[in-house]
Amino acid sequence: MKSVQEVTFFNRQEGLEIEVHLNPFGTNNMTYERMNDWFEDVFQTNVTIDIQGIPVRTMSATDHMLFLIFHAFKHFMQQGFGIRLMLDALLYMEKYQEKIDWEYVRKGMEAVGADRFFSDLIVVGNQYLGFALPESEKKICPDELLEHMLHMGTFGMTQKAAVGAGEFVAVAILKKKHTESGRGKISAYAHVLFPLWKTWTSWRPYLEDRPWCLPVEWIKRVVRFLRGESVMSSLSDINAGYALANQRLELMKKYQIFRDE
């Protein structure tokens, strides 16, 4: 039996749901594993803050900053990435930048390849959202990143095409290659419609211990498709998701993060 990686607390009366992730970024690829490595010592570097008279232990400002950057970066790499994730990081940076060990954050970003991506987020924030944050010399393609975020919406999951794009990007990373050729497109479609085992276990980690439950998940997937609840509910949705995925993959190449590992 594999160790528990997520614990959920749900108060039905209050509607409060809290998730505790012991493996916050997953293990889908080496980049995610490297992100996890930077938070192995958070219990030793924790700080205590006062919230309405109640002492609460939490991560240091430096660890919080790095987590928000990694969180946005992970969503950009695979899932939906929207404006909200950018604001989470930039607003925190604006408020706590004097308390952050920026040399440590810089090393963390460079270790996972997020430095160019975050530099462009700062540029977008300064130029279009009224921030006045210190910019890096690394400016790659901030206007293209902004255009992509506008397509993705607030949370990056506002449209079926956006959700579908995340699945296509995940397939491209899993296969460690991507092409817009006819054969490459058919292959990408096939993997999205008929996910590989590694994809299933990333969606439903419990399957690693109970693989015999996979048929149940397949049935649920088919039912969602028939009800029109799936990202593959129509060919137009699939095509739109594929086009949006190509746009993000081109950005990833410019940020030098779409590479074999």
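Keep in mind it's a predicted model, so treat the numbers as computed, not measured. (Residues numbered from 1 in each chain as written. Predicted model: local features only at pLDDT ≥ 70, side-chain atom pairs only at ≥ 80, totals over all residues. Heavy atoms only, no water.)

Caption draft 1: Spatial organisation of the side chain of H75. Looking at the secondary structure, you find H75 in helix 2 (residues 61-77). Separated by 3.2 Å, the side chains of H75 and H71 make a polar contact. (Helix = DSSP H or I, 4+ residues; strand = E, 2+ residues; numbered from the N terminus. Polar contact = N/O pair within 3.5 Å; in protein donor to acceptor, adjacent residues only side chain to side chain.)

Caption draft 2: Highlighting the packing of aromatic side chains. Counting across every chain of the model gives 8 aromatic pairs. Ring centres of F117 and Y255 lie 6.2 Å apart, and the angle between their planes is 85°; on these two criteria the pair is classed as edge-to-face. On the criterion of sequence distance, the pair formed by F117 in helix 5 (residues 115-128) and Y255 in the segment after helix 11 (235-254) is long-range, its members being 138 residues apart. The burial state of F117 is the same as that of Y255; both residues are buried. Members of the aromatic cluster, joined through ring pairs, are F73, F76, F117 and Y255. Here K74 stacks its cationic end above the ring of Y32, 5.3 Å away from the centre of that ring. A cation over an aromatic ring shows up here: K95 above the ring of Y96, its NZ or CZ 5.7 Å from the ring centre. (Phe/Tyr/Trp six-rings, centres within 6.5 Å; stacked < 30°, edge-to-face > 60°. Buried < 20%, exposed > 50% of the residue type's maximum accessible area, 1.4 Å probe, protein only. Lys NZ or Arg CZ within 6 Å of the ring centre and 35° of its normal.)

Caption draft 3: Representation of the packing of helix 5 against helix 6 (residues 142-152). In the contact formed by helix 5 and helix 6, the axes pass within 9 Å of each other and the chain directions differ by 80°. The orientation of helix 5 relative to helix 6 falls into the category roughly perpendicular. Across the interface between the two elements, F117, D120, L121, V123, V124, Q127 and Y128 of helix 5 pack against P142, D143, L145, L146 and M149 of helix 6. Of the residues that constitute the contact of helix 5 with helix 6, the class distribution is 9 nonpolar, 1 polar and 2 charged. (Axes fitted to C-alpha atoms, helices over the stretch in contact; angles between N-to-C directions. Parallel < 35°, antiparallel > 145°, perpendicular 65-115°, else oblique. Contact = heavy atoms within 4.5 Å. Nonpolar A, V, L, I, M, F, W, Y, C, P; charged D, E, K, R; others polar.)

Caption draft 4: Local environment of the pairing of strand 3 (residues 47-51). With 5 bridges connecting them, strand 3 and strand 4 (residues 54-58) associate as antiparallel partners. Pairing of D50 across the sheet is with P55, part of strand 4. In this antiparallel pair of consecutive strands, strand 3 and strand 4, the connection spans 2 residues, and Q52 shows a positive phi of 55°. (Pairing = 2+ DSSP bridges.)

Caption draft 5: Quick look at a nonpolar patch on the surface. On the surface, a cluster of nonpolar side chains totalling about 530 Å² of accessible area is made up of V7, F9, L16, I18, V20 and L22. At the level of secondary structure, the elements contributing two or more residues to the nonpolar patch comprise strand 1 (6-11) and strand 2 (16-21). Per-element tally for the nonpolar patch: the top contributor is strand 2, with 3 residues. The exposure class of V7 is partly exposed, given its relative accessible area of 45%. (Patch = residues over 30% accessible without salt bridge, like charges linked within 9 Å, V, L, I, M, F, W, Y side chains within 5 Å. Areas by Shrake-Rupley, 256 points an atom, 1.4 Å probe, with all protein chains shown as cover. Salt bridge = Lys/Arg side-chain N within 4 Å of Asp/Glu carboxyl O.)

Caption draft 6: Just the environment of V124, in detail. With respect to the helices, strands and loops of the structure, V124 is situated in helix 5. You can call V124 buried: its relative accessible area is 1%. Counting along the chain gives 18 residues from V124 to P142, while the straight-line C-alpha distance between them is 6.0 Å. Leaving out residues up to four positions away in the same chain, V124 has contacts with M86, L129, P142, L146 and M149.

Caption draft 7: A look at the pattern of salt bridges. Counted by the stated rule, this structure contains 10 salt bridges. With a closest N to O distance of 2.9 Å, E110 and R106 form a salt bridge. Separated by 4 residues within a single helix, E110 and R106 lie in helix 4 (residues 102-112), roughly one turn from each other. On the basis of relative accessible area, E110 is assigned to the partly exposed category, the value being 38%. Relative accessible area serves as the criterion here: at 32%, R106 is assigned to the partly exposed category. Across the pair E144 and K254 runs a salt bridge, and its minimum N-O distance is 2.7 Å. Taken together, the residues span a long stretch of sequence, with E144 in helix 6 and K254 in helix 11 at a distance of 110 residues. Accessibility expressed as a relative area gives 35% for E144, which makes it partly exposed. Within the structure, one salt-bridge network assembled from shared partners comprises E103, R106, E110, D115, R116 and K138.

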